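# Notes for the structure review
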Amino acid sequence: MTYSPHTDADRSRMLDAIGVGSVDDLFVDIPASVQAGEWQIPPPLAEQEVRAELARLAGRNRIPEVSFLGAGVYRHLVPSVVAEVIGRPEFATSYTPYQPEVSQGTLQSIYEFQSLICELTGMEVATASHYDGATATAEAALMACRLTRRHRIAVSAGVSPDTRRVLETYCSGPRIELVTVPIDLAEGGSGTTDPADAGAALGDDVACLVAAQPNFYGQLEPMQELADAAHAAGAQLVAVVEPTSLALLEPPGAYGADLVAAEGQPLGIPASFGGPYVGLMAARMASVRQMPGRLVGATRDAAGRKGYVLTLQAREQHIRREKAASNICTNQALMALAATVYLAAVGPQGLREVAELSTIQARHLAAALEAANVAERRFAGPYFAEVTMRLPDAARRHAALAERGIVAGYLAERNDPALRDTLLLSATELTTDADIERLVSALEASA
Amino acid sequence: MSVTESLPPDTSGRGAAFSGAEGGDELVIVEPLIFERSRPGRRAVRFPLASAESRERAAGQPELPASVLRSEAPRLPEVSELELLRHFNRLAHLNQAIDLNFYPLGSCTMKYNPKVNEWAARLPGLADSHPFDPEGLAQGSLELMWLLAEQLKAISGFDAVSLQPAAGAHGELTGMLMTRAFHSANGEGEQRTKVLVPDSAHGTNPATATMVGYQTVTIRSNERGGIDLEALRAALGPDVAALMITNPSTLGIFEDQIGDVVAAVKGAGAIAYMDGANLNAILGRFRPGEAGFDIMHFNLHKTFSTPHGGGGPGAGPVGVSARLEPYLPTPMPVLAAGDPAEVLANARAGRSTQGARFALDDERPDSIGKVRSCYGNFGMFVRAYTYIRSNGGAGLRTISDDAVLAANYLRVKLRDRYDVPYDRLSKHEVVFSGRRQKRSHGVTTLDIAKAILDHGIHPPTIYFPLIVEEALMVEPTETESLETLDHFIGVMREIAELAETDPAAVKRAPISTPVGRLDEAAAARRPDLRYVFPAGADDGPSTA
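Nothing here was measured: the structure is a model prediction, and the numbers come from that model.

## Quick notes on the confidence of the model for chain B
Residue and element names in this part refer to chain B.
- Overall, the prediction assigns chain B a mean pLDDT of 93, with 93% of residues at 70 or greater.
- Confidence over residues 1-28 falls short of pLDDT 50; this stretch has 42 contacts with residues more than four positions distant or in other chains.
- The complex prediction reports pTM at 0.96, with the ipTM value standing at 0.98.

## What to know about the packing of helix α6 (residues 133-148) of chain A against helix α7 (residues 161-172) of chain A
Residue and element names in this part refer to chain A.
- With their axes 8 Å apart at the nearest point, α6 and α7 run at an angle of 45 degrees to one another. The orientation of α6 relative to α7 falls into the category oblique. The interaxial crossing formed by α6 with α7 has right-handed handedness. Here Gly 133, Ala 134, Thr 135, Thr 137, Ala 138, Ala 141 and Leu 142 of α6 come into contact with α7, specifically with Asp 162, Thr 163, Val 166, Leu 167 and Tyr 170.
- Of the residues in the contact of α6 with α7, the class split is seven nonpolar, four polar and one charged.

## Quick look at the pairing of strand β5 (residues 271-275) of chain B
All names here are of chain B.
- Most of β5 sits inside the fold, with five of its five residues counted as buried.
- Side chains Ile 271, Tyr 273 and Asp 275 project from β5 onto one buried face, and the interleaved Ala 272 and Met 274 project onto a second face that is buried too.
- Strand direction decides the pairing type here: strand β4 (residues 240-246) and β5, joined by five bridges, are parallel. Opposite Ile 245, over in β5, you have Met 274 as the bridge partner.
- Following the backbone out of β4, through helix α10 (residues 258-267) and into the adjacent parallel β5, one traces a crossover that is right-handed.

## Quick look at the interface of chain B and chain A
- In this complex, chain B contributes 180 residues to the contact, which on the side of chain A involves 175 residues.
- Ranked by the residues each element gives to the side of chain B that touches chain A, the list is headed by helix α12 (residues 378-414) of chain B, at 21 residues.
- Split by residue class, the side of chain B that touches chain A holds 92 nonpolar, 55 polar and 33 charged.

## Here's the deal with the sheet that holds strand β14 (residues 410-411) of chain A
Residues and elements named next belong to chain A.
- Strand order in the open sheet formed by four strands is β11-β12-β15-β14, with antiparallel pairing between adjacent strands. Two strands in the sheet have a free side with no partner beyond their single neighbour: β11 (376-377) and β14.
- Where β11 lies against strand β12 (residues 386-390), two bridges are found, and the strand directions are antiparallel. Residue pairing in the sheet places Glu 376 in a bridge with Arg 390 of β12.

Rules used in this analysis
- Position numbers for residues start from 1 in each chain and track the written sequence from start to end.
- Chains and ligands are labelled sequentially in the order written, the chains with letters from A and the ligands with numbers from 1.
- Given that this is a predicted model, residues contribute local features only at a pLDDT of at least 70 and side-chain atom pairs are listed and counted only at 80 or more, while totals for whole chains, interfaces and linings are drawn from all residues.
- A residue's pLDDT is the predictor's confidence in that residue, given on a scale from 0 to 100.
- Any residue pair is listed as a contact if its two C-beta atoms, each placed from the backbone, are within 7 Å.
- Lines fitted to C-alpha atoms define the axes here, with helix axes fitted over just the stretch in contact, and angles between the N-to-C directions of these axes take values from 0 to 180 degrees.
- Under the scheme used here, helices are H or I runs from DSSP no shorter than 4 residues and strands are E runs no shorter than 2 residues, and both carry numbers assigned from the N terminus.
- Roughly parallel refers to an angle under 35 degrees, roughly antiparallel to one over 145, roughly perpendicular to one between 65 and 115, and oblique to any angle outside these ranges.
- Left-handed is the label given to a crossing in which the near helix is rotated counterclockwise from the far helix by less than a right angle, and right-handed is the label when the rotation is clockwise.
- Ten residues, namely Ala, Val, Leu, Ile, Met, Phe, Trp, Tyr, Cys and Pro, are considered nonpolar, four, namely Asp, Glu, Lys and Arg, are considered charged, and the remaining ones, Gly among them, are considered polar.
- Whether a residue is buried, exposed or partly exposed is read from the other C-beta atoms within 10 Å of its own C-beta, which are placed from the backbone; 20 or more gives buried, 12 or fewer gives exposed, and intermediate counts give partly exposed.
- The criterion for strand pairing is that DSSP finds at least two bridges linking the strands in question.
- By definition, the crossover connecting two strands over a helix is right-handed if that path, from the first strand to the second, turns clockwise as seen with the strands pointing away from the viewer.

Set out below in structure tokens:
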């Protein structure tokens, strides 16, 4: 299959105009010593053939019939209208809105996205998007270093392991030291960060404390106390949040977070084996000139018409080069649009229903497992929509259920050997009572 | 009073549409913000209620304490699905896009994004695949990633490829972190502190060097638009970590001294990094890995046709030579059981690969770590793989042939009206200069770009590369027909003519777009970055 429009006659006309005899003459500037040898790329396929191959690959995946897997990526309803909008070619096949007069659709939708993220988080300014929640968190932590001129970062062990690993990589660049604040992993413990531990880790050289609400294990952290501990040490609080939870939970702006980072995937974006997702970042207006990435602002044209432009670009790589706040250029604009459409589609009432149903089903799930004496909660205290359960012989039983198309959540020992025989189980509004019954009986049968 | 405020919303009933210069007065409609369409109690999507049994059983579990609950619901818009759809459809009408018209934005490779790629990315078996599903359930996703990496290796001549970076700049960051890991392993991590970057480079190159704690040293270009080899040799030394070079360069020129450049860099113990943004020009003609480069990032959203999405998502895989392979990000999709040649042959022939088993390899002790969550922008991998399979080896070569043909055609057809500071064979793009128009008639490149808008065409990249005065960077790509190219040539010649006869008319442009030139200085001086709810209307949504 080819997407070239040129006929042989077209090519001849162009070659004649250029004054060369063949296309090869246009490549004589590649010295013979470095010209490519033969390559092993298979021949072209017709559309029906390429579809057959991709269908074969899709068919090799087995999408579980029932899944309680979350661990940072959640199966929520993606309303049909979301795919409809982001599939529109005017959004999908445009690029960075450097020419605002012909990019108002993209620019206005980003301004709406920024506004929605501010409203959800209780913050004053939000960026146009980052690669994902993990890189948004890392960029927020580095921003805190610039703002405080300090060179260490404290991170709660309740932040997802994936995010902590990315944070570690980003910190290795400018050689910023990362200090991990433990969480209470004891049986029947809180599963959360002790503000006293956080306080102990924070010295006068620590730029920020990074903590997640809810945390990786689903538990609710004492964010106000953590914010207070950070501020007492002159550090900033970087709150890592799950966006649907903010329909119910206190917004980070209310407990004094200085920076907010989040994975926006739950807002209308499919799991898609890990991406594309969208990283959210929000901050206080006083810090805006240290923010990484694109920002859209409102302004007017000479006739007084309102319009939107990329703004405060003196922070960015194409203007500032080696002095830029970050090297980020291409972001995740189309995924930010998906989140924008999602939030407008569900509205305040719908988002609340999603959050409530998710947390009710998670509690229903935990209660059902406990009532059947199959598993028990690992931690005491409240959790949101994901619950950490102790299950004897978890790895074997998890594998046995997977064979039957049931994914019994996330095996916590994948990231922490101390958490053997522990499952992290997620519920969303898509989790039905029948799903819960199936999990309980399958686990009973696997004992 | 602004037009937005003086007009009732949507008087035309269809929003502003692009109809080119003939559009006239009907193009003044501006769509209000979604917040302004909100009415308490309206909604689009509904969710089921929790069952009585669920509520009852949940009640025995710990309640969310009042201390963590928010007191007021977020003021999200309340709109019906139809209003929502119309809002975004009207916004869509305000955008220029590849699927509407020519979009020769230099350095961005705005080629056609084939629709079969979208079909593939939406297959439920791929779109609903969870990144932490047990590997046994995700063999298709893992196989696709492995196959794509194999194809990218064959295309680039590198020994290994990581798909993890999310965009080109992210690939650069990955490459520079690997550079430092390599030097550190050789005991030279502290000593090598500088990264050399030509003056024609993308801004991401120096910005990336800074993120890794390197100091950027700029290397000047020579009068032919290539790197100044003597300046490069003088800058190289035991304190240099890497050279980051874009080839073909941002001038659209192939660096014909590339063999000497790579030899000099490696001779000085530094890493040779190639910015692969412009790979679209050299498929099948030049393989950077084969030519001795250590690292290159690909831009799947450029060369491999994944849609640009208004600014992303992209995907920026990195290819590396064998000596850098240990440092690649973790995890790597690997073929855990099976013969690679046999798997490739079966996949190529459309046969089952059921015997093969794929896995994620996280046991990489020298790895720089993870650069993003999970494994990369997988949806882009699906599209890029579909594209490579559709085109095949022969098609990929034709892509570069036709892209280069089109850029050279534009160069020769416009060089009498616009200066071409480096008038040599073009690769994927050609950089014109508007200096003649500026000096003789006071018409700047910005004015020319705005005048192009009035013809329904997206302007080229302007004022980049920095070493070209009044730069107009035109990348036509291989998917534009000769008629489109000729039309663009006509438009550009007409604007050059108008700059001479009526410069004021060019400076008035654009006149047919939904808004005119916007006051960017005011936007930066008084940042208005979010919607402010009107006073008195903050009773909150109807959820309480």
